[in-house]
Amino acid sequence: MRFAVVVFPGTWSDHDCQYVLRDLLGQQADLVWHRDADLSGYDAVVLPGGFSYGDYLRCGAIARFSPVMDAVVRHAEVGKPVIGICNGFQVLCESGLLPGVLMRNDSLQFRCQDTYLCIENAETLFTNELTPGQVISIPISHGEGSYYADDATLDDLESNGRVAFRYCNANGEPTPESNPNGSVRNIAGIVNERGNVFGMMPHPERAGESLMGGTDGLLLWRSVIQAGVATVAG
Amino acid sequence: MFRARVYVTLKPTVNDPQGLTIRGGLHSLGFESVEDVRAGKYLEITLEGDDKASAEKQVTEMCQKLLANPVIEDFRFELRET
């Protein structure tokens, strides 16, 4: 599968994404500078973590107007996968491809730690290699990851299976104590209505080798690759 | 030329942990009278415009498109000719 990993000024997780996709999973993964406006040669687009444009004004607010974002929107419109991780999730929310917004952590602290995620919908682009209720461990690393949307939006997300997973404890319970940033309803990852645009705050590219503390992140990447293969075959 | 003073504030329904922390700081300084603090952003924008109405239209668009996120924020501004 051909992945474009988009690089904005201030992106920091681009090489980690490329390493996991290319070196660990044997996919094509190219770094694409944000001034490139052509993504037509790629099957999937990854917006990685970081601090695009210094997070000035609001996280992702300036990156949203980069030339590459028109191509990302077109890529999403034709139904191809778009995956936003951390800052990438923030960019997708700012651009309107996903609902809601990521706000300052309720602790006001930058949180860099492992989190447990409970899989809620195992049929999304990013979770089809998992099972509902499965608990996986993926690290977070952010200061502004508190997901917020109004109640009507949240109800819509939940009733349509668009919450992919929530922060939880080791037993899979989404408790207040297991919520690292104050996200409403412990939401950690969501998909758009069509199911091809995916956003999550935790970093699956940092859970690819046991040396790094775990390999659960590979399950998510393998889901995307599996979904891509199915699309091509179909 | 026009000078706009833009205030971006969190909507009343949105939780503001920064504001709560600042309130705590003020209390610990002895300002027990402080009931509530809401943190926001303040921007000064200098721009050209044919008249006040067109400058006002431009600043409104800036706020809607970039300066405020309508999911969580409200905006208001004052405009004066310089």
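This text goes with the structure placed above it.
Throughout this description, residue numbers start from 1 for each chain and increase along the sequence as written. Whichever chain is written first becomes A and whichever ligand is written first becomes 1, with later ones labelled in order. Per-residue local features are limited, in this predicted model, to residues with pLDDT of at least 70; the limit for side-chain atom pairs, both in listing and counting, is 80 or more; totals at the level of whole chains, interfaces and linings are taken over all residues. Calculated side-chain values reflect all of the structure's heavy atoms, with hydrogen atoms and water omitted.

1. Considerations on the environment of Gly88(A)
Just so we agree on the cut-off: Working definition: helices are DSSP H or I runs of at least four residues, strands are E runs of at least two. Numbering for both runs from the N terminus.
Mapped onto the secondary structure, Gly88(A) falls in helix α3 (residues 87-94). In this structure the C-alpha to C-alpha distance between Gly88(A) and Gly49(A), which are 39 residues apart in sequence, comes to 5.6 Å.

2. Some details on the interface of chain B and chain A
Going by this rule: Contact definition: two residues touch when any of their heavy atoms are within 4.5 Å. The term buried area means the drop in 1.4 Å probe accessible area that two parts suffer when joined, counted for both and summed. Salt bridge, as used here: a side-chain nitrogen of Lys or Arg that lies within 4 Å of a carboxyl oxygen of Asp or Glu.
With 17 residues of chain B in contact, the opposing surface of chain A contributes 15 residues. Both sides of the chain B and chain A interface together cover about 1,200 Å² of buried area, and 67% of this is carbon and sulfur. When the buried surface of chain B facing chain A is broken down by residue, Pro17(B), Leu66(B) and Asn69(B) rank first, second and third, together holding 35% of it. Counting across the interface, chain B meets chain A through one salt bridge. Residue Glu73(B) pairs with Arg58(A) through a salt bridge whose shortest N-O separation is 3.7 Å.

3. Notes on the sheet that holds strand β7 (residues 135-142) of chain A
All names here are of chain A. Our working definition: At least two bridges found by DSSP between two strands is the condition for calling them paired. Axis lines are fitted through C-alpha atoms, for helices just across the contact stretch, and the angle between N-to-C directions can take any value from 0 to 180 degrees.
Taken in spatial order, the nine strands make up an open sheet running β2-β1-β3-β4-β11-β10-β9-β6-β7, and their pairing is mixed. Looking along the sheet, the strands with just one partner apiece sit at the ends: β2 (28-33) and β7. Each adjacent strand pair in this sheet contributes to an overall mean axis angle of 25°, direction not counted. Looking at chain direction, strand β6 (residues 111-119) and β7 are connected through eight bridges and run antiparallel. Within the sheet, the bridge partner assigned to Cys112 lies in β7 and is Ser141.

4. Quick word on the sheet that holds strand β1 (residues 2-10) of chain B
All names here are of chain B. Strand order in this open sheet of three strands is β2-β1-β3, and the pairing throughout is antiparallel. In this open sheet, the two edge strands, each paired with only one partner strand, are β2 (40-47) and β3 (73-81). With direction set aside, neighbouring strand axes in the sheet form an average angle of 15°. Relative to β2, β1 runs antiparallel, the two sharing eight bridges. Within the sheet, the bridge partner assigned to Val6 lies in β2 and is Leu43. Contacting β1, β2 and β3, helix α2 (residues 52-67) runs over the sheet at an angle of about 155° to β3.

5. Remarks on the environment of Ser159(A)
Spelled out, the test is: Nitrogen and oxygen atoms within 3.5 Å of one another constitute a polar contact, given that in protein one can donate a hydrogen and the other can accept it, and given that sequence-neighbouring residues count only through two side-chain atoms.
Inspection of the secondary structure assignment puts Ser159(A) in helix α4 (residues 151-159). Here Asp156(A) takes part through its backbone oxygen, which lies 3.4 Å from a polar atom of the side chain of Ser159(A).

6. Some words on the pattern of salt bridges
It is possible for side chains of opposite charge to pair when their charged atoms get near one another. Defined as follows: For every residue, the accessible area obtained with a 1.4 Å probe (protein chains only) is divided by the maximum for its type, and the residue is called buried under 20%, exposed over 50%, and partly exposed between those limits.
On inspection of all chains with the given rule, the structure shows 16 salt bridges over all chains. The salt bridge involving Glu61(B) is made with Lys57(B); its shortest N-O contact spans 4.0 Å. A residue pair is termed a helical-turn pair when its members lie 3 or 4 positions apart in one helix, as Glu61(B) and Lys57(B) do in helix α2 at four residues. For Glu61(B), a relative accessible area of 34% puts it in the partly exposed group. Note on Lys57(B): relative accessible area 57%, which makes it exposed. By sharing partners, the salt bridges in this structure join Glu120(A), Asp151(A), Asp155(A), Glu158(A), Arg166(A) and Arg185(A) into a single network.

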